[in-house]
Amino acid sequence: ECEAMEESKGRNPLYHIHAYMCEAIKDRKPFDECMLFYAWYYATHDDDLDTKDNPLASKLWTTMMDVYEEILANTDDKQGWRWLKDHFVSSFIWYLPHPDDMRQDN
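Bear in mind that the values here come from a model prediction, so they are computed numbers and not experimental data.

Asker: Help me understand the overall build of the protein in this model?
Answerer: Looking only at helices and strands, the protein has 6 helices and 0 strands in total. When the helices and strands of the protein are read in sequence order from the N terminus, they spell out α-α-α-α-α-α. Buried residues in the protein amount to 33% of all 106 residues. Long-range pairs, those at least 24 residues apart, make up 54% of the contacts in the protein with a sequence separation of at least 6. Of the roughly 7200 Å² that the protein leaves accessible, carbon and sulfur atoms contribute 51%.

This is the structure in structure tokens:
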């Protein structure tokens, strides 16, 4: 991690949160809801991302949906369902405007 952070010096600090959250979600690690909010903010607002205009194509979104679908496909995965409920479904990002609506407001 230190090497990756060293290589990305000068980048937006939210970049590191975004990268961390993609890994945490992929590995189904616990995280604070605020971290997902900041990562989503980065995915929807940072000019360095190619997916800024389409955050539903971002690495964060695709990782979230891959894990979501994986958990939903396995009804026997009790730990996955608990993780989904505790860390994913309860996030503030679900209360934000749809990315297309955010673009229209600007």
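Asker: How should I be thinking about unusual backbone geometry in this particular structure?
Answerer: Of all residues except glycine, most have a negative phi; of all peptide bonds, most are trans. We note that arginine 28 has phi near 55°; this positive angle belongs to a residue other than glycine. Positionally, arginine 28 belongs in the loop between helix H2 (13–26) and helix H3 (33–45).

Asker: How do you make sense of helix H5 (residues 78–89) when you look at a structure like this?
Answerer: Because each turn of an α-helix spans 3.6 residues, side chains separated by three or four positions in sequence point in the same direction. Buried residues of H5: Gly80, Trp83, Leu84, His87 and Phe88, and no others. Buried residues along H5 cover an arc of 110° about the axis, so they all sit on one side. Exposed positions of H5 whose direction lies more than 90 degrees from the buried face are Lys78, Arg82, Lys85 and Val89.

Asker: I keep staring at the packing of H2 against H3 and nothing clicks. Help me out?
Answerer: Two numbers describe a pair of packed helices, the interaxial angle and the distance between the axes. Following both chains from N to C, one finds H2 and H3 inclined at 115°, their axes separated by 8 Å at the closest point. Crossing of H2 against H3: the hand is left-handed. Note on element contacts: H3 touches H2 through Met35, Leu36, Tyr38, Ala39, Tyr41, Tyr42 and Ala43, opposite Leu14, Tyr15, Ile17, His18, Tyr20, Met21 and Ile25. Residues belonging to the contact of H2 with H3 are distributed by class as follows: 13 nonpolar, 1 polar and no charged.

Reading the values: rules and limits
- Residues numbered from 1 in each chain as written.
- Predicted model: local features only at pLDDT ≥ 70, side-chain atom pairs only at ≥ 80, totals over all residues.
- Heavy atoms only, no water.
- Helix = DSSP H or I, 4+ residues; strand = E, 2+ residues; numbered from the N terminus.
- Buried < 20%, exposed > 50% of the residue type's maximum accessible area, 1.4 Å probe, protein only.
- Contact = heavy atoms within 4.5 Å.
- Areas by Shrake-Rupley, 256 points an atom, 1.4 Å probe, with all protein chains shown as cover.
- Arc of directions from axis to C-beta.
- Axes fitted to C-alpha atoms, helices over the stretch in contact; angles between N-to-C directions.
- Left-handed = near helix turned anticlockwise from the far one by under 90°.
- Nonpolar A, V, L, I, M, F, W, Y, C, P; charged D, E, K, R; others polar.

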